[in-house]
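# An overview of the molecular structure
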Amino acid sequence: MPVQLLLAMLRNPASTGAVMPSSRTLANAMAGAAVGADTVVELGAGTGPVTEALLRRLPGVPLIAVELQPALARRLQARFPTVDVRQAAAKEVVNGLIERPGRVVLVSSLPFRSLPREVAAETVDSLCRFLAHDGERKLVQFTYQPRAPFAVPRQLRWHRRAVVWRNTPPAGVWELQAVR
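In this report, the structure presented in the accompanying data block is examined. (Residues numbered from 1 in each chain as written. Predicted model: local features only at pLDDT ≥ 70, side-chain atom pairs only at ≥ 80, totals over all residues. Heavy atoms only, no water.)

## With respect to the overall build of the protein
Rules: Helix numbering and strand numbering both begin at the N terminus, where a helix is a DSSP run of H or I of at least 4 residues and a strand a DSSP run of E of at least 2. To measure how exposed things are, a 1.4 Å probe is used in the Shrake-Rupley method; for residues, cover is taken only from the protein chains shown.
Across its full length, the protein holds six helices and seven strands. Put simply, the protein runs from its N terminus to its C terminus through helices and strands in the order α-α-β-α-β-α-β-α-β-α-β-β-β. When the accessible surface of the protein is split by element, carbon and sulfur atoms take 55% of a total near 8800 Å².

## Section: the sheet that holds strand β3 (residues 84–86)
The condition is simple: In this analysis, strands are considered paired if DSSP registers two or more bridges between them. To obtain each axis, a line is fitted to C-alpha atoms, and for helices this fit is confined to the stretch in contact; angles are then taken between N-to-C directions over 0 to 180 degrees. In this description, contact between two residues means that some pair of their heavy atoms is separated by no more than 4.5 Å.
The seven strands are arranged β3-β2-β1-β4-β5-β7-β6 in an open sheet whose pairing can be described as mixed. What marks the edges here is a single partner per strand, and that holds for β3 and β6 (156–164). Averaged over all adjacent pairs, the angle separating strand axes in this sheet is 20°, with direction ignored. As judged from the four bridges shared by strand β4 (residues 104–108) and strand β5 (residues 138–143), these two strands associate in the parallel manner. The residue of β5 that forms the bridge with V107 is V140. Here helix α3 (residues 49–57) sits on the sheet in contact with β1 (39–43), β2 (63–66) and β4, set at roughly 170° to β1.

## As for helix α4 (residues 70–79)
Operational definition: Exposure is judged per residue with a 1.4 Å probe applied to protein chains only, and the accessible area is read against the type maximum: over 50% gives exposed, under 20% gives buried, and values in between give partly exposed. Here the arc refers to the directions that run from the helix axis out to each C-beta atom.
Within α4, the full set of buried residues consists of L72, A73 and L76. When α4 is viewed along its axis, its buried side chains cluster within an angular range of 100° and face the same direction. Turned more than 90 degrees away from the buried face of α4 sit R74 and A78, all of them exposed.

The values reported here are purely geometric and, on their own, carry no functional implication.
Printed below as a string of structure tokens:
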């Protein structure tokens, strides 16, 4: 698996946040934060460790896996034929789901700090609009930094759910939801 991430990073370094896949411990922490969802949308699915954990932890819950890089998206679809894999920018998929009913949980491995500034800003704007649309929605995001993944408007609030030490490097798992 690391070979696929390394190749993706060489092809497009700004959109690939790591050369190692998420550890099983981090993937399980991300999936655990999505429990209770009616639909899960995984952003930046990469090689699929979080996808695998989501399928195992939330059987029967519709899963949309979003991956921008074509080679990784094709590999995901071959590995997980029951998953709705979309080779697209995260903001496009999220914008298209804004009216989706039910408790939608976004599970993100997007590398916000390494994305080009404009792409990151557009994606954050899309995510914040999506979450503000329905207070039952949430974003689960991991980061290697000890602070919240990105700044948000006042109507949304970050909460650190966990620190996963058994990951290279250690990662924080954060949840973002509308203030109630």
